[in-house]
Structures are given as C-alpha cells and as structure tokens.
Amino acid sequence: MARRPRHVLALLPAAALALTALAGCATSTNSGGGTTDGGIKLVKEGKLVTCTHLSYKPFQYTDGDKTVGFDVDLVDLIAKDLGVQQEIFDTQFETITSGASFNANQCDLAAAGMTIKEERKQAIDFSDPYFEASQALLVKKDSPIKSLADLKGKKIGVQQDTTGEIYANDNKAANGYEVIQFEDLPLMETAVRTGAVDAAINDNGVLLDYVKEFPDTAVSAEFDTNEQYGIGIKKGNTALAAKVNEVLKKAKESGEYDKIYEKWFGKKPEKK
C-alpha cells in the first residue's frame, strides 16, 4: 500500500491520534508488557497490539465501535494462536514504515495493507507475503481518462507515503500531470467524486471495493506493479515473525485464509 497530512494532523490533539480498538473497540496502549506461553514477548499483557492506519477499507476500517477488515481477521488468527486478544492502535503510516511505532513499544506488529519494499526492510521486518496487489486508477464513472497519459495537464490524487504516490511521481514527467497529496484514503477517494482531482491512484483492492459502494466512480486502469503485502514486525523480533509465518501458512493450508478472503472480496483468491 500505500500511506500521512501533516496540516490536518497538526490540528488534532495527540490523544486523538492514538485511538485503539480491542479487537476493534477503542482503547489505548499503556506501559508494561507480557510474555505468551511460547515465550514471545508482547508490549501489553494478554494483548497482541496491531499498528495500522485507518481507514483502508476493506483491509481495516471502522464499523460502528469496532475496527474490522481482512487484515484484522488475519491477525485475529495469530492472536488466537498466542492465546491473547488483538488490540488495534491507529497511527500515522510513516510511523509504522519508519519503525518508530515499534521502537516506542506502541505495537507488536503492523497490518496495514503494507507493501513489502526493500527500503522499508531497513527499518522493520516483514512476514511472508500474504496478499498480492497492483496499482489502479480511480475516476468518475463517465470519465474519458483511461491511462496516465490521459492526465496530461490534469491533477492526480495520491495517498502520502504509499506505493501509489511513488508510482505517480515516477511517471509524472512522462505524462505531464500534477500530483496532489492526501493524508488518507477516504480524503483521496472523495476528491475524485467532488472533482478536486481528475483521478487518483492507489492499490487495486481498496479502489475496487470503493466503486462497489460508490457506483458514480470507476476503476479505469490497473498497473501491474507486482506488489505483495506483508505484516510488519519490529526489527529482530524473530520469535514473533516465526509465529506469524506459521499461522499464515497453516491458514492457507487449512482453507481458513480462503474463507476470510472470500468474506471480504466476494471471491476466493486466484491459485497460481
């Protein structure tokens, strides 16, 4: 994925940026820690705290008083295996990819529709890949824009600190458009519907989900960027990384992964 605006965040009290959810319900992290029966150290007793950046539907988003989504369900499997409950910690995306959230003991792992990238591996470790993604172009339903080339002289929206932003900037000179940054996914998507931008680019999974809810928009193009999502883990936390990989492997072999995938995407994952 791909995800940060400072001009919005600066207006919010620090406490508002640290909203969490116990298996989806809002709480807050605190000092202390715990150890599972298997000897894995956790930042909170009886909890597996997951850093994420809301909202990134259908991977993680707020539904009533709960945080739900594909990533949430997958991490619930890990928490269950460890004999604890998952707790969500909502934070800025760059604090996850930079490793700052882990270094501050805010979370044990991060599930945020996050693409595995070599630059990010310098700051955090990743699980084995669990989801394949590519970039896609969101436009108004009847828009003539079918490619980046059609955006010459126009505006394209991106979510800051995402692979979509990287892709848009890498292709800006060749296609002559202006890149407009947004703090989060909903702001970017709304900008397309209101006409603030002519198109927007982000991961195909979230945009294909968005057009189902808002049929006045469409995904007019997809770009084969061969991205894979991974669960982020604090650098050097090999015990937790091994457990995460073990649970993901077991879920795929048992068919549990396919059930969760179908629940959120309406179909089973393609087999390769």
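For the structure given in this document, a descriptive report is provided here. (Residues numbered from 1 in each chain as written. Predicted model: local features only at pLDDT ≥ 70, side-chain atom pairs only at ≥ 80, totals over all residues. Heavy atoms only, no water.)

**Points about the overall build of the protein chain**
At step 1: In terms of helices and strands, the protein chain carries 11 helices and 16 strands.
At step 2: Sorting the 272 residues of the protein chain into buried and exposed places 52% on the buried side.
At step 3: Of the roughly 12400 Å² of accessible surface on the protein chain, a fraction of 50% belongs to carbon and sulfur atoms. (Helix = DSSP H or I, 4+ residues; strand = E, 2+ residues; numbered from the N terminus. Buried < 20%, exposed > 50% of the residue type's maximum accessible area, 1.4 Å probe, protein only. Areas by Shrake-Rupley, 256 points an atom, 1.4 Å probe, with all protein chains shown as cover.)

**Quick word on the side chain of E227**
At step 1: Inspection of the secondary structure assignment puts E227 in strand β15 (residues 217–229).
At step 2: Here E227 is buried and forms no salt bridge, its nearest opposite-charge partner R120 lying at an N-O distance of 6.6 Å.
At step 3: Looking at E227, its side chain comes within polar contact range of the side chain of Q135, at 2.8 Å. (Lys, Arg positive; Asp, Glu negative; His and termini not counted. Salt bridge = Lys/Arg side-chain N within 4 Å of Asp/Glu carboxyl O. Polar contact = N/O pair within 3.5 Å; in protein donor to acceptor, adjacent residues only side chain to side chain.)

**Some remarks on the state of the cysteines**
At step 1: If you walk through the whole model with that rule in mind, you get 1 disulfide.
At step 2: The residue that forms a disulfide with C51 is C107, at a sulfur-sulfur distance of 2.3 Å. Of note, the bridge from C51 to C107 carries an S-S torsion of about -95° and is left-handed in sense. Here C51 is found in strand β5 (residues 47–52), whereas its partner C107 is found in the loop between α4 (100–103) and β9 (109–110), with 56 residues between them in sequence.
At step 3: Owing to a relative accessible area of 0%, C51 belongs among the buried residues under this scheme. (Disulfide = S-S within 2.5 Å.)

**Some points on empty space enclosed by the protein**
Think of a ball as big as a water molecule: rolled over the atoms, this probe shows where empty space is left.
At step 1: There is about 30 Å³ of room inside the largest cavity.
At step 2: Around the largest cavity, the lining residues are T50, T52, Q60, D71, V72, Q86, I88 and A111.
At step 3: Going through the elements one at a time, β5, α2 (70–82) and β8 (85–90) are the ones with two or more residues in the lining of the largest cavity. (1 Å grid on protein atoms, 1.4 Å probe; cavity = no way out; pocket = protein on both sides within 12 Å on 5 of 7 lines; lining within 4 Å. Points joined across faces, edges and corners; volume = space filled by probe spheres on them.)

**Some thoughts on the sheet that holds strand β13 (residues 178–182)**
At step 1: Read from one edge to the other, the open sheet built from 5 strands follows the order β13-β12-β14-β11-β15, with strand pairing classed as mixed. A strand with exactly one partner marks an edge of an open sheet, and here the two such strands are β13 and β15. Each strand of the sheet is rotated relative to its neighbour by a mean of 25°, with strand direction disregarded.
At step 2: Relative to strand β14 (residues 199–203), strand β12 (residues 155–159) runs parallel, the two sharing 3 bridges. Among the inter-strand pairings, G157 is bridged to a residue of β14, identified as A200. (Pairing = 2+ DSSP bridges. Axes fitted to C-alpha atoms, helices over the stretch in contact; angles between N-to-C directions.)

**Quick word on the layout of surface pockets**
At step 1: Quantified by volume, the largest pocket comes out at close to 870 Å³.
At step 2: As for the largest pocket, its lining consists of 27 residues, of which F131, E132, A133, Y261 and E270 are closest to the centre.
At step 3: Put simply, the parts of the chain that give the lining of the largest pocket at least two residues each are β11 (131–140), α9 (204–213), β15 and α11 (256–265).
At step 4: Residues of the lining of the largest pocket, tallied by class, amount to 10 nonpolar, 5 polar and 12 charged. (Nonpolar A, V, L, I, M, F, W, Y, C, P; charged D, E, K, R; others polar.)

**As for the packing of aromatic side chains**
At step 1: Applying the stated rule across the entire model yields 19 aromatic pairs.
At step 2: Through a chain of ring-to-ring contacts, three or more aromatic side chains come together here, namely Y56, F59, F70, Y130, F131, Y229, Y257, Y261 and F265.
At step 3: In this structure, K57 packs its charged tip against the face of Y61, placed 5.1 Å from the ring centre.
At step 4: K252 extends its terminal NZ or CZ atom over the ring of Y257, reaching a point 5.2 Å from the ring centre. (Phe/Tyr/Trp six-rings, centres within 6.5 Å; stacked < 30°, edge-to-face > 60°. Lys NZ or Arg CZ within 6 Å of the ring centre and 35° of its normal.)

**Describing the nonpolar core**
At step 1: Counting 46 residues, the largest nonpolar core has L48, F59, F70, Y130, F131, I231 and V244 as the members making the most contacts within it.
At step 2: Secondary structure elements with two or more residues in this core: α2, β11, α8 (185–194), α9, α10 (238–254) and α11.
At step 3: Apart from the residues within four sequence positions on either side, F59 is in contact with V68, G69, F70, D71, V72, F131, G205, V206, Y229 and F265.
At step 4: Counting residues in each nonpolar core, the second largest holds 14 residues, with L137, L151, V179 and A199 among its members. (Core = buried A, V, L, I, M, F, W, Y, C linked by side-chain atoms within 4.5 Å. Contact = heavy atoms within 4.5 Å.)

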